[in-house]
Amino acid sequence: VVSLAVINIGELTTNDPKIGRGATGRRERAGVVIDGSRVVWVGDSNAVPAADIAIDAMGAAVLPGFVDSHTHLVFAGDRSGEFESRLAGLRYDGGGILSTVDDTRAATQIELDNLARARLGEMRRQGTTTVEIKSGYGLSVDCERTLCEVARGLTDEVTFLGAHALPREYVNRRTEYVELVGTSMLDACSPLCRWADVFCDIGAFDVDESRSVLLAARAAGLGLRIHANQLADSGGIALAVELGAASVDHCTFMSTRDRDLLSGGDTVVTLLPGAEFCTQSRYPDARALIEASVPVALATDCNPGTSYVTSMPFVIALAVREMGLSVDEAVLAATLGGARALRRDDVGHLGVGARGDLSILEAPRAAHIAYRPGSNLTRCVLRGGVPVDMAPDASAREVT
Ligand code: NIG
Ligand code: FE
């Protein structure tokens, strides 16, 4: 086991109020020591205890690794044409999912693994150290199982999303498909998963269908998450609160009643501004959520249809510029917020005992993430105390 010290940190964000100022637990001229995979010491740079290796941050900002709690990384095919047509006026209605399903079914497991791994590498090099990955482009027992296997090779946070769309072969057999998702498909996938999700929205699955899938998933021991109210007010937010879901995601459309239901609870609202940006939709009222003490997270929603975005820094820049979050609120939501959405207390902060996940920026303050959109300001990333390979062709294997 090797110990590693990061010294001469100009601005350290710990998200631990016991360590520094405010909710971000901020301090200047700081140092961090990681022993093995865990943070063992945080304090002043001039008091750092001896370690096997020292990394000199040379005055740069350091922050906890990003927790991207909502992604659809495992898919094949290309939908840039659909993106272009949408810019030319076509509206997003979720219909493109089935074209990705065709391409994903036609790919081999090795191809899917390579594609997902390359996307994860992009994420890692931009500071993401924990990632949730959903299935949902197989929509058959075998193909959903394959997607879960690929995801499981990359992360512990695998989500079964068999209820993502109605596959073509079930067009006139909705009830049968919903039944399949909650029985044999769930049985095949649940051993690989920690979570289940449903797309509860207009044109996808309604509240009763979603509830039946989620109750079956819960009985199989999975935690719950819901895609809700991306396209319209679907009733999915109330369902998430009713079932005690860990997270309700998108919430582009949201009533005052929805907000009251969520207020002070522990169902996190995961905001995905990459989706609004890429589909030219209105942004959810993030300020109202924060004012109402609703816990919020930010994630990429990386998927081929609505948000082919791997960059958490870009998501933070959007949250600041388009949804009125302060930089600190956005950075908190992208780290600690994501950890809460995954009900994890070992990531999303840099308190003693946390996993040694951090990024050293090519900038003196975390605010530069929003201030300098489009530049990759990530100089170095540690994950579990181990430097992430920053080479563009590095394959990214998640150590669990
Ligand atoms: O989160 N809304 C449902 N699922 C994805 C989009 C999937 C797709 O278009 O391929 C989302 O936006
Ligand atoms: Fe999504």
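Everything that follows concerns the structure shown earlier in this document.
Residues numbered from 1 in each chain as written. Chains lettered and ligands numbered in written order. Predicted model: local features only at pLDDT ≥ 70, side-chain atom pairs only at ≥ 80, totals over all residues. Heavy atoms only, no water.

**A closer look at the site of ligand 1**
Now for step 1: Every one of the 15 residues lining ligand 1 counts as a neighbour, but Arg79, Tyr92, Tyr137, Gln230 and Thr306 are closest to it.
Now for step 2: Residue Arg79 places a side-chain N or O atom 2.7 Å away from an oxygen atom belonging to ligand 1.
Now for step 3: In this structure, Gln230 approaches ligand 1 through a side-chain N or O atom, which is 2.6 Å from a nitrogen atom.
Now for step 4: Relative to its unbound accessible surface of 320 Å², ligand 1 loses 100% to contact with the protein.
Now for step 5: Applying the majority rule of atoms within 2 Å of the grid points places ligand 1 in the largest cavity.
Now for step 6: Class assignment of the residues belonging to the shell around ligand 1 gives a composition of four nonpolar, nine polar and two charged. (Near = heavy atom within 4 Å. Polar contact = N/O pair within 3.5 Å; in protein donor to acceptor, adjacent residues only side chain to side chain. Areas by Shrake-Rupley, 256 points an atom, 1.4 Å probe, with all protein chains shown as cover. 1 Å grid on protein atoms, 1.4 Å probe; cavity = no way out; pocket = protein on both sides within 12 Å on 5 of 7 lines; lining within 4 Å. Sits in = over half its atoms within 2 Å of the grid points. Nonpolar A, V, L, I, M, F, W, Y, C, P; charged D, E, K, R; others polar.)

**Remarks on unusual backbone geometry**
Now for step 1: Unlike most non-glycine residues, Met58 shows phi in positive territory, near 50 degrees.
Now for step 2: Counting through the fold element by element, Met58 comes out in the loop between strand E4 (53-56) and strand E5 (61-64). (Helix = DSSP H or I, 4+ residues; strand = E, 2+ residues; numbered from the N terminus.)

**Section: helix H5 (residues 174-189)**
Now for step 1: Where H5 bends most, at Leu180, the angle is about 40 degrees.
Now for step 2: Looking at the buried positions of H5, the neighbouring elements they touch are helix H4 (141-152), strand E8 (157-163) and helix H6 (207-219). (Bend = angle between axes of the 7 residues up to and from the residue. Contact = heavy atoms within 4.5 Å.)

**A short note on the environment of Asp44**
Now for step 1: Here Asp44 lies in strand E3 (residues 38-44).
Now for step 2: Between the C-alpha atom of Asp44 and that of Ala30, which follows or precedes it by 14 residues, the distance is 4.4 Å.
Now for step 3: Excluding anything up to four places from it in sequence, Asp44 contacts Arg27, Arg29, Ala30 and Gly31.
Now for step 4: A polar atom in the side chain of Asp44 sits 2.8 Å from the side chain of Arg27.

**So, empty space enclosed by the protein**
Now for step 1: Here the structure, examined in full by the defined rule, presents two cavities of 30 Å³ or more.
Now for step 2: When its volume is computed, the largest cavity comes out at roughly 90 Å³.
Now for step 3: Taken together, His72, Tyr92, Ile97, Tyr137, His164, Phe199, His227, Gln230, His250, Asp301, Asn303 and Thr306 make up the lining of the largest cavity.
Now for step 4: Grouping the amino acids of the lining of the largest cavity by side-chain chemistry returns four nonpolar, seven polar and one charged. (Points joined across faces, edges and corners; volume = space filled by probe spheres on them.)

**What to know about the coordination of the iron ion (ligand 2)**
Now for step 1: The coordination sphere of the iron ion (ligand 2) contains the protein donors His70 (NE2), His72 (NE2), His227 (NE2) and Asp301 (OD), at a distance range of 2.1 to 2.2 Å.
Now for step 2: Between consecutive donor residues of the iron ion (ligand 2), the sequence gaps follow H-x1-H-x154-H-x73-D. The residues His70 and His72 share a single accessibility class, namely buried. (Donors = N, O, S within 2.8 Å, 3.2 Å for Na, K, Ca; no water. Buried < 20%, exposed > 50% of the residue type's maximum accessible area, 1.4 Å probe, protein only.)

**Section: the packing of aromatic side chains**
What describes a pair of aromatic rings is the distance from one ring centre to the other and the angle between the planes of the rings.
Now for step 1: Taken as a whole and assessed by the stated rule, the structure comprises five aromatic pairs.
Now for step 2: Both rings, one in Phe75 and one in Tyr308, keep their centres 5.5 Å apart while their planes meet at 70 degrees; by these two values the pair is edge-to-face. You can see Phe75 sitting in the loop between strand E6 (66-68) and helix H1 (80-87) and its partner Tyr308 sitting in the loop between strand E13 (296-298) and helix H11 (312-323), a full 233 residues away along the chain.
Now for step 3: Centroid distance Tyr177 to Phe205: 6.5 Å. Interplanar angle 25 degrees. Geometry classified as stacked. Residue Tyr177 is located in helix H5, and its partner Phe205 is located in the loop between strand E9 (195-200) and H6; the two are separated by 28 residues in the primary sequence. For the pair formed by Tyr177 and Phe205, the shared burial category is buried. (Phe/Tyr/Trp six-rings, centres within 6.5 Å; stacked < 30°, edge-to-face > 60°.)

**Focus: the pattern of salt bridges**
Now for step 1: According to the stated counting rule, one finds 28 salt bridges in the structure shown.
Now for step 2: In this structure, the salt-bridge partner of Glu132 is Arg225, at a minimum N-O distance of 3.9 Å. Here Glu132, found in strand E7 (residues 128-134), pairs with Arg225, found in strand E10 (residues 223-228); they are 93 residues apart in sequence, far enough to count as distant. Of the two residues examined, Glu132 and Arg225, each falls in the buried class.
Now for step 3: Between Asp266 and Arg343 there is a salt bridge; the shortest N-O distance is 3.6 Å. Placement of Asp266 in the loop between helix H8 (256-262) and strand E12 (268-271) and of Arg343 in the loop between helix H12 (327-341) and strand E14 (358-361) is noted, with a sequence separation of 77 residues between them.
Now for step 4: We classify Asp266 as exposed; its relative accessible area is 56%.
Now for step 5: Of the residues examined, Arg343 reaches a relative accessible area of 41% and is grouped as partly exposed. (Salt bridge = Lys/Arg side-chain N within 4 Å of Asp/Glu carboxyl O.)

**Quick look at the packing of H5 against H6**
Now for step 1: As a packed pair, H5 and H6 sit with axes 9 Å apart at the nearest point and diverge in direction by 15 degrees. Considered as vectors, H5 and H6 are oriented roughly parallel to each other. In this structure, the crossing between H5 and H6 has a hand that is right-handed. Only Glu209, Ser212, Val213, Ala216 and Ala217 of H6 make contact with H5, whose side of the interface consists of Arg174, Val178, Val181, Gly182 and Leu186.
Now for step 2: Each residue belonging to the contact of H5 with H6 can be placed in one class, and the counts come to six nonpolar, two polar and two charged. (Axes fitted to C-alpha atoms, helices over the stretch in contact; angles between N-to-C directions. Parallel < 35°, antiparallel > 145°, perpendicular 65-115°, else oblique. Left-handed = near helix turned anticlockwise from the far one by under 90°.)

**Side note on helix H2 (residues 97-106)**
Now for step 1: Taken together, the buried positions of H2 are occupied by Ile97, Leu98, Thr100, Val101 and Thr104. Seen along its axis, H2 keeps its buried residues to an arc of 150 degrees; they face one direction.
Now for step 2: Residues of H2 that are buried in the fold lie against helix H3 (109-124), H4 and E9. (Arc of directions from axis to C-beta.)

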